[in-house]
Amino acid sequence: MDIDELSTDILSSKRRALARAITLVESGRADHRADAIALLQALKDADHGRQALRVGLSGTPGVGKSTFIEAFGLMLTAQGLKVAVLAVDPSSARSGGSILGDKTRMEQLSRDPNAFIRPSPSQSHLGGVARRTREAIELCEAADFDVILIETVGVGQSETVVAELSDLFVLLLAPAGGDELQGVKRGIMEMADIILINKADGDLKATASRTCADYAGALRLLRKRPQDPEGFPKALTVSAAQETGLDTAWDEMTTLAEWRREAGHWDARRRAQARYWFEAEVREALLSTLRREPVKGAMERLAGQVEAGDLTAAAAAEDLLTTYLQRGPGGT
């Protein structure tokens, strides 16, 4: 693969090159991984200076994330903005496969020339995002997209990882959804910059307004964060089906993003995120050694001794780590 040519095509905003590059960074093959690292470094060396607004989006199942993203994305493209959607689908724990149906659920947006939709399997990676979503974001940014929407697989206690990928974290909830304040857990509430109560139309409009007021009250009880101006985080009502409240939500997002830029939080946050993902890469590389020989065989032997009761789990783990991490695979 010609990395220089692919890099040039991405910087020229060629969609086919972008799609090929995302496929490359998602590949698990060793030679593809080497090419992906070279490509990302080439784009960094190009010093293109492009920065998109990265918006992480999560929500409870059935809240209408895909419907919201399509309506929201179409509103943004109508304003002349280029929008990339990175949608993460859950992978089967049994087969490892994913349906990857988000693109079919966003039929109108997928045909928009100013939009790019890329579904990816989570591949059992925790946090509601695919392992290489961060690198896909960098590629979309290099391809000169203005807004990147990162849709997670759904709300859970590990969903807060998306906050380490985005400039803004939006939580989408449904009206009258039961005790969601407890159901979505405090962690994700503390991470949210804006909470949107979707389906605020028809018979649910009044209920959505009450739910919004409840969440607004709950947000005021949370500890004030240094990266927020007065009034944030906040809760709003929207209707993706009737396309109401979307422009207000966008105005609030841009207001918050601009304040963070001017106050210095934007750059500081991105630097902290870069450090976070460096450390995550190191942890993943160390874990991958456990799946390769000779460590894999040693683990099997020690596991057998633990299972037989000849060794404690702690002693076996210490033996393995001392042999293969402290002294190296050669035992020196």
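Here the structure is a predicted model, which is why all the values come from computation and not from measurement. (Residues numbered from 1 in each chain as written. Predicted model: local features only at pLDDT ≥ 70, side-chain atom pairs only at ≥ 80, totals over all residues. Heavy atoms only, no water.)

Observations concerning the overall build of the chain
What the chain contains, in helices and strands, is 14 helices and 7 strands. The 332 residues of the chain split such that 46% are buried. Long-range pairs, those at least 24 residues apart, make up 75% of the contacts in the chain with a sequence separation of at least 6. A total accessible area of about 16,900 Å² is found for the chain, and carbon and sulfur atoms account for 51% of it. (Helix = DSSP H or I, 4+ residues; strand = E, 2+ residues; numbered from the N terminus. Buried < 20%, exposed > 50% of the residue type's maximum accessible area, 1.4 Å probe, protein only. Contact = heavy atoms within 4.5 Å. Areas by Shrake-Rupley, 256 points an atom, 1.4 Å probe, with all protein chains shown as cover.)

A look at the pattern of salt bridges
Scanning all chains against the criterion turns up 22 salt bridges. Note that glutamate 26 and arginine 118 form a salt bridge whose closest N and O atoms lie 3.3 Å from each other. Within this pair, whereas glutamate 26 is found in helix α2 (residues 15–26), its partner arginine 118 is found in strand β3 (residues 115–121), the two being separated by 92 residues in sequence. Classification of glutamate 26 as partly exposed rests on a relative accessible area of 22%. Here glutamate 164 ties to arginine 269 by a salt bridge, and the two come within 3.4 Å at their closest N and O atoms. Taken together, the residues span a long stretch of sequence, with glutamate 164 in the loop between β4 (147–151) and β5 (168–173) and arginine 269 in helix α12 (residues 265–289) at a distance of 105 residues. Each of Arg33, Arg132, Arg134, Glu135, Glu138 and Glu281 takes part in salt bridges that share partners, so that together they form one network. (Salt bridge = Lys/Arg side-chain N within 4 Å of Asp/Glu carboxyl O.)

A short note on the packing of α2 against helix α7 (residues 133–142)
At a closest axis distance of 9 Å, the pairing of α2 and α7 adopts a crossing angle of 160°. Put simply, α2 runs roughly antiparallel to α7. Where α2 crosses over α7, the handedness of that crossing is right-handed. Two secondary-structure elements touch here, α2 through Leu18, Ala21, Ile22 and Val25 and α7 through Glu135, Ala136, Leu139 and Cys140. (Axes fitted to C-alpha atoms, helices over the stretch in contact; angles between N-to-C directions. Parallel < 35°, antiparallel > 145°, perpendicular 65-115°, else oblique. Left-handed = near helix turned anticlockwise from the far one by under 90°.)

Considerations on unusual backbone geometry
Of note, the bond from phenylalanine 232 into proline 233 is cis; its omega dihedral lies within 30 degrees of zero at -5°. Tracing the backbone shows proline 233 in the loop between α10 (205–221) and β7 (234–237). With an omega dihedral of 5°, the bond running from glutamate 293 to proline 294 counts as a cis peptide bond. Here proline 294 is to be found in the loop between α12 and α13 (295–308). A positive phi angle is found at aspartate 144, which is not glycine, with a value near 75°. One non-glycine residue with positive phi stands out, namely lysine 199, at about 65°. Topologically, lysine 199 is positioned in the loop between β6 (194–197) and α10.

Notes on empty space enclosed by the protein
Unoccupied space between atoms shows up once a probe the size of one water molecule is rolled over them. Under the defined criterion, the tally for this structure stands at 2 cavities of 30 Å³ or more. In this structure, the largest cavity spans a volume of roughly 50 Å³. Surrounding the largest cavity, Ile22, Glu26, Leu86, Ala87, Val88, Arg118, Ser120, Arg132, Thr133 and Ala136 form its lining. For the lining of the largest cavity, the secondary structure elements donating two or more residues are α2, β2 (83–89), β3 and α7. The leading source of residues in the lining of the largest cavity is β2, at 3 residues. Grouping the amino acids of the lining of the largest cavity by side-chain chemistry returns 5 nonpolar, 2 polar and 3 charged. Approximately 40 Å³ is the volume found for the second largest cavity. Contributing to the lining of the second largest cavity are Val55, Leu57, Phe68, Ile69, Phe72, Leu149, Val170 and Met253. Among the elements of the structure, β1 (53–59) and α4 (65–78) are those that each provide at least two residues to the lining of the second largest cavity. The leading source of residues in the lining of the second largest cavity is α4, at 3 residues. (1 Å grid on protein atoms, 1.4 Å probe; cavity = no way out; pocket = protein on both sides within 12 Å on 5 of 7 lines; lining within 4 Å. Points joined across faces, edges and corners; volume = space filled by probe spheres on them. Nonpolar A, V, L, I, M, F, W, Y, C, P; charged D, E, K, R; others polar.)

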